[in-house]
Each structure stands twice: as C-alpha cells, then as structure tokens.
Amino acid sequence: SLFLGCKSAVENSVETSFFTQDSLYKITFDRPIELDTFYTWKDIDDNACSDERKYRFSKKAFPHQKETGFFWNSFVDSTYRITLKHVEGFQCKSQMDHERILEPRTYLSNIYLKFKNDNPKTNIDTLYSKSFKINELSTVVVAYRIKEDYYITHDFSNGYWTNYLKLLTEVDNNLFVLTADCRTKDCAGFIERMEKSFRTIRIEKNRH
C-alpha cells in the first residue's frame, strides 16, 4: 500500500509502506517515484533457513528479474531498483547464507575479496563504507561498483558498470539487507539519491 508522505530530503519521492510476510513487520521509506513497480517472491535454496524473501521496487522500463536457487536463470542487462531481503522463516533469525553484520570496512573488504576470488579479472571499485543510526536502527552501509565484462562473465553484454549501495540492519535479531543497484549507461547520482532514500527507512513490529 502506498501512502502520500510529507516533504522529504529525497527529491521526487513518496512515503511508501509495505509489510513483510505474515505482516510481522511494517517497512516504511521515502521511495523515489521512478521506482514505480513492486513485486515480491521467495528465493528458494537447498534448506529452509537459506530461503530468502525478497521485495523489489524497480523502474517500470527495466526488465523484471526474480533470482532463485543456485542458478539464476536470467541475467538482465540493465537494472534500476531497490531490493529488501530477509530470511523467509523468521525463526531462523540471522542465518542468512552470505550476509552478516560486520564492521563497515571489513564488510566492504569481504565483498571485494569475494568477487576477486570468484573471478580475479572482475573490475570492482570500493567507494565507501560507514555506519549510522536511522530511526533507532543501527546500520552498516557500503557502496561499490562492479564492471561485469561480457568477455569474463558471458552473462552481460552491455559492458556497463553496476553501482551498488547496501544497507544491513537487525531487528529482533532478524537481519534485513537493503540493496540498490543501477546498471545503465548513466548511473550518475544514483548512489547519493538512494542513500538519501535509505536514510528514511523505518522497520516496525506490526501491532496486529
């Protein structure tokens, strides 16, 4: 459900709320209005505690993608979106396979090492890492960009850099990961705009 909000530091945005599955948590943030398409799905893995629930706000003109399982069956050439994820079964708490909250510089360094280990030829620029409080939430925030070169990956053909901004936080020992990514000819200003949006996030236990 979408609610019109008050004035925001995020230009051309609207305060938007949605609920996690079972309506356990209410997520509210100032959504950039160009992210005009919303969908949610379960990313299924080999054991229940690895299943992730994902919620995505995307730009309508860009292709939909729902990653699932070990093999992503579609790699889209261009992206402009924000994705929130958490473990599908909240009883699993923070057992997300590849994510945990670390000191910001360590987290960013681990991202760099993971990509370089997966493919040493990957071009990756680490931009910044920081930690701050947002509406009572302690967060880790990192920004980086990766060039998925067609001749290396064979999954992307346009040769654009992908700009990433990630935020990690915990509520009731449940890990929430917010990722904004942009892969287009011009992603100028994307990370700054999405950080302003991230800084408005509220995650509240829903009072039924």
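That block above? That's the structure.
Topologically, Thr16 is positioned in strand 1 (residues 13-19). For the pair formed by Thr16 and Asp30, sequence separation is 14 residues and the distance between their alpha carbons is 6.0 Å. Here the side chain of Thr16 touches Val14 through a polar contact of 3.0 Å, landing on its backbone oxygen. Reaching out from Thr16, the side chain makes a polar contact with the side chain of Arg31 at a distance of 3.0 Å.

Moving on, we get to the state of the cysteines. In this structure the tally under the stated criterion is 1 disulfide. With a sulfur-sulfur separation of 2.2 Å, Cys182 is cross-linked through a disulfide to Cys187. Disulfide Cys182-Cys187: torsion about the S-S bond near -90°, hence left-handed. When its relative accessible area of 0% is taken as the criterion, Cys182 is described as buried.

Enumeration over the complete set of coordinates arrives at 12 salt bridges. Note that Lys114 and Asp118 form a salt bridge whose closest N and O atoms lie 2.9 Å from each other. Taken as a pair, Lys114 and Asp118 lie in helix 1 (residues 104-118) at a separation of 4 residues, close to a single helical turn. A residue is classified by how much of its surface remains accessible, and Lys114, at 44% relative accessible area, is partly exposed. Accessibility expressed as a relative area gives 53% for Asp118, which makes it exposed. In this structure, Lys205 and Asp172 form a salt bridge, with 3.3 Å as the shortest nitrogen-oxygen distance. Highlighted residues: Lys205 in strand 10 (residues 202-205) and Asp172 in the loop between strand 8 (161-171) and strand 9 (174-183), separated in sequence by 33 residues. Residues joined by salt bridges that share partners form a network here, namely Asp43, Glu52, Lys54 and Lys85.

In this section: the pairing of strand 4 (residues 52-58). Of all 7 residues in strand 4, 7 are buried; the element is thus mostly enclosed. Every second residue of strand 4 is oriented toward a common face, with Glu52, Lys54, Arg56 and Ser58 on one face and Arg53, Tyr55 and Phe57 on the other, all of them buried. Judged from the 7 bridges that link them, strand 4 and strand 5 (residues 79-87) form a sheet pairing that is antiparallel. Across the sheet, Glu52 pairs through a bridge with Val87, a residue of strand 5.

This paragraph deals with the pairing of strand 2 (residues 25-32). Taken residue by residue, a regular strand's side chains alternate between the two faces of the sheet. Within strand 2, 7 of the 8 residues are buried, which leaves the element mostly enclosed by the surrounding structure. Relative to strand 2, strand 1 runs antiparallel, the two sharing 7 bridges. The partner of Ser13 across the bridge, within strand 2, is Pro32. Linking strand 1 back to strand 2 in an antiparallel pair, the connection comprises 5 residues, with Asp22 at a positive phi of about 65°. Both strand 2 and strand 10 contribute to a ladder of 4 bridges, which runs antiparallel. Directly across from Tyr25, in strand 10, lies its bridge partner Lys205.

Calculation rules
Within every chain, residues take consecutive numbers counted from 1 along the sequence as written. Side-chain atom pairs in this predicted model are given and counted only at pLDDT of 80 or more, local residue features only at pLDDT of at least 70, and totals for whole chains, interfaces and linings cover all residues. Each side-chain value is derived from all of the structure's non-hydrogen atoms; neither hydrogens nor water enter the calculation. Secondary structure counts use DSSP, requiring at least four H or I residues in a row for a helix and at least two E residues in a row for a strand, with both numbered from the N terminus. The definition of a polar contact used here is a pair of N or O atoms within 3.5 Å, where within protein one atom must be able to donate a hydrogen and the other to accept one, and adjacent residues in sequence count solely through side-chain atom pairs. Defined by distance alone, a disulfide is two cysteine sulfur atoms within 2.5 Å. Here's how the labels work: a residue is buried when its accessible area is under 20% of the maximum for its type, exposed when over 50%, partly exposed in between, all with a 1.4 Å probe on protein chains only. By salt bridge we mean one thing: a side-chain nitrogen of Lys or Arg within 4 Å of a carboxyl oxygen of Asp or Glu. One bridge is not enough; two strands pair if DSSP finds at least two bridges between them.

Read these as geometric descriptors, not functional statements.
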